[in-house]
Amino acid sequence: MSELIDVIMAIKPVLGAFLCLVGAGLAIIGTVGVLRFPDFYTRLHAASVTDTGAATILIVGMALLAPTWLVVFKLAAIWLFLFLTGPTGSHALANAAHTAGLQPVIGRRTSNPEEEEAG
Amino acid sequence: MGYFLGLILVLAALWLGLSGIYTPLILTLGTISILISLVLASRLETLDREGAPYARTLNLFAYWGWLVVEIFKANWPVIKACVSANLDINPALVKVKTRCESDLAKTVFANSITLTPGTVTVEVEGDKLLVHALFEESATPESFAEMDERSWKAADGSRQVAT
């Protein structure tokens, strides 16, 4: 039994570091999406990848690296508040843009010129 | 009264979790700060069903567990759209009808839609939500039906709706 715990304790920091890397990668992907998408509303979608997936995986990774349970509790609180405030902010942005009369790009968008002609 | 008790419990748990130093002096100061927060909350009259929805904690957390899985499933197509060599998206505005009646349930539903990558709630009017989606084909009214049902159950549930 104690051997199993030893193995888990040995794997934990490696797994935590790996999850932190994956989360950072997702954040970069979200940023790439923000830069590539055509208009304001679609860029908001790309940013939500960073908001949810990347943040969750980063926080789980940090929780695995955390030295005490108090730090884990604080990370859980951060996660909770992030999930409550993130969509509120996104909605406020989208609603403000909509109220101001910004028209979203509608319909299929491709960066491949041949497909665009065919469609 | 139940709302008071719920707020006391949550504030105490938050304070104990964030502090980490449990000497008598610090604990006394923490108690005083919790009491001040309670007085302020009751003076602001925010202590109602929406301000302290702790009676439904279990339902809301069960819903949250389901939502996190959905969010991770919805992340995948957006990530693919971000990194694929050819930009291939199909943005659309769709109207979604909801069965949620209380403001709390509507907030839970609208925030869940926004939280899910690929869909953002743009406007809420009555029982209709205006949703901007990254892929039109994945934002059919049926795809929101389950989330609607679950958020209604979590926030309103068996409660009698006063009209």
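Residues numbered from 1 in each chain as written. Chains lettered and ligands numbered in written order. Predicted model: local features only at pLDDT ≥ 70, side-chain atom pairs only at ≥ 80, totals over all residues.

- Looking at an unreviewed UniProt entry, one finds chain B named Sodium:proton antiporter, with Henriciella pelagia as its source organism.
- In its Subcellular location (unreviewed entry) section, the UniProt record describing chain B reads: "Cell membrane".
- Of chain B, the UniProt comment under Sequence similarities (unreviewed entry) reads exactly: "Belongs to the CPA3 antiporters (TC 2.A.63) subunit E family." (UniProt positions renumbered as here; feature names shortened; annotations may be inferred.)

- As annotated in an unreviewed UniProt entry, chain A is Sodium:proton antiporter from Henriciella pelagia.

1. Notes on the overall build of chain B
- The helix and strand inventory of chain B stands at five helices and four strands.
- Starting at the N terminus and walking to the C terminus, you meet the elements of chain B as α-α-α-β-β-α-β-β-α.
- On C-alpha atoms alone, chain B measures out to a radius of gyration of 20 Å, which is more than a quarter above the 15 Å that the 2.2 N^0.38 rule sets for 163 residues.
- When the backbone C-alpha atoms are referred to their principal axes, chain B occupies close to 60 × 45 × 25 Å.
- When each of the 163 residues of chain B is scored for burial, the buried share is 29%.
- Contacts in chain B between residues far apart in sequence, at least 24 positions, make up 71% of those at least 6 positions apart. (Helix = DSSP H or I, 4+ residues; strand = E, 2+ residues; numbered from the N terminus. Rg over C-alpha atoms; globule rule 2.2 N^0.38 Å. Buried ≥ 20, exposed ≤ 12 C-beta atoms within 10 Å, placed from the backbone. Contact = placed C-beta atoms within 7 Å.)

2. Quick look at helix α3 (residues 69-99) of chain A
- With 31 residues, α3(A) should cover 45 Å at 1.5 Å per step; its first-to-last C-alpha distance of 45 Å lies within 8% of that length.
- Of the positions making up α3(A), those classed as buried are A:F83, A:P87, A:S90, A:H91 and A:A94.
- Considering only its buried residues, α3(A) is in contact with α2 (40-65) of chain A together with α4 (103-115), β3 (119-125) and β4 (128-133) of chain B.
- Two residues or fewer after α3(A) comes A:G101, characterised by a positive phi angle close to 95°. (Expected span 1.5 Å × (residues − 1).)

3. Focus on the packing of α2(A) against α3(A)
All names here are of chain A.
- Contact geometry of α2 with α3 gives a least axis separation of 10 Å together with a crossing angle of 180°. What the angle tells us is that α2 and α3 run roughly antiparallel. Contact residues: α2 offers F40, Y41, L44, S48, D51, A55, T56, I59, M62 and A63, while α3 offers V72, L75, I78, W79, L82, G86, S90, L93, A94 and A97. (Axes fitted to C-alpha atoms, helices over the stretch in contact; angles between N-to-C directions. Parallel < 35°, antiparallel > 145°, perpendicular 65-115°, else oblique.)

4. Remarks on the UniProt feature "transmembrane region" (unreviewed entry) in chain A
All names here are of chain A.
- The feature "transmembrane region" (unreviewed entry), as annotated in UniProt, sits at residues 14-37 and 57-84 in this numbering.
- With 96% helix and 0% strand, residues 14-37 has end C-alpha atoms that lie 35 Å from one another.
- Helix makes up 89% of residues 57-84 and strand 0%, whereas the separation of the span's terminal C-alpha atoms amounts to 17 Å.

5. Notes on the sheet that holds β3(B)
Residue and element names in this part refer to chain B.
- If you walk across this open sheet you meet the three strands as β2-β4-β3, and the pairing is antiparallel. Bordering the open sheet on either side are β2 (92-97) and β3, each of which pairs with just one other strand. The sheet shows a mean angle of 25° between the axes of neighbouring strands, taken without regard to direction.
- Pairing of β3 with β4, which is carried by six bridges, proceeds in the antiparallel orientation. Note that in β4 the partner of T119 across the bridge is A133. (Pairing = 2+ DSSP bridges.)

6. A short note on the interface of chain A and chain B
- Contacts between chain A and chain B engage 36 residues on the former and 32 residues on the latter.
- Of all elements in the fold, only α1 (2-36), α2, α3 and β1 (109-110) of chain A reach the threshold of two or more residues within the side of chain A that touches chain B.
- Of the residues contributing to the side of chain A that touches chain B, the split by class is 15 nonpolar, 17 polar and four charged.
- Sheet topology places β1(A) next to strand β1 (residues 88-89) of chain B; two bridges connect them, and they run antiparallel. Within β1(B), the position partnered with A:T110 by the bridge is B:D88. (Nonpolar A, V, L, I, M, F, W, Y, C, P; charged D, E, K, R; others polar.)

7. Considering the environment of A:L19
Residues and elements named next belong to chain A.
- As for its position among the elements, L19 is in helix α1.
- For L19, a count of 20 C-beta atoms within 10 Å corresponds to the buried category.
- Here L19 is in contact with I57, V60, G61 and L64, once residues within four sequence places are set aside.

8. Considerations on the environment of B:N86
- Relative to the helices and strands, B:N86 resides in the loop between α3 (57-83) and β1.
- Here the alpha-carbon distance between B:N86 and B:K128, two residues 42 residues apart in the chain, equals 34 Å.

9. Some details on the nonpolar core
- Core analysis: the biggest nonpolar cluster contains 45 residues, and A:V49, B:V78, B:C82, B:A105, B:F109, B:V131 and B:A155 have the highest contact counts within it.
- At the level of secondary structure, the elements contributing two or more residues to this core comprise α1, α2 and α3 of chain A together with α3, α4, β3, β4 and α5 (141-155) of chain B.
- In this structure B:C82 touches A:I29, A:G30, A:V32, A:G33, A:R36, A:A46 and A:V49, once residues within four positions along its chain are discounted. (Core = buried A, V, L, I, M, F, W, Y, C linked by C-beta atoms within 7 Å.)

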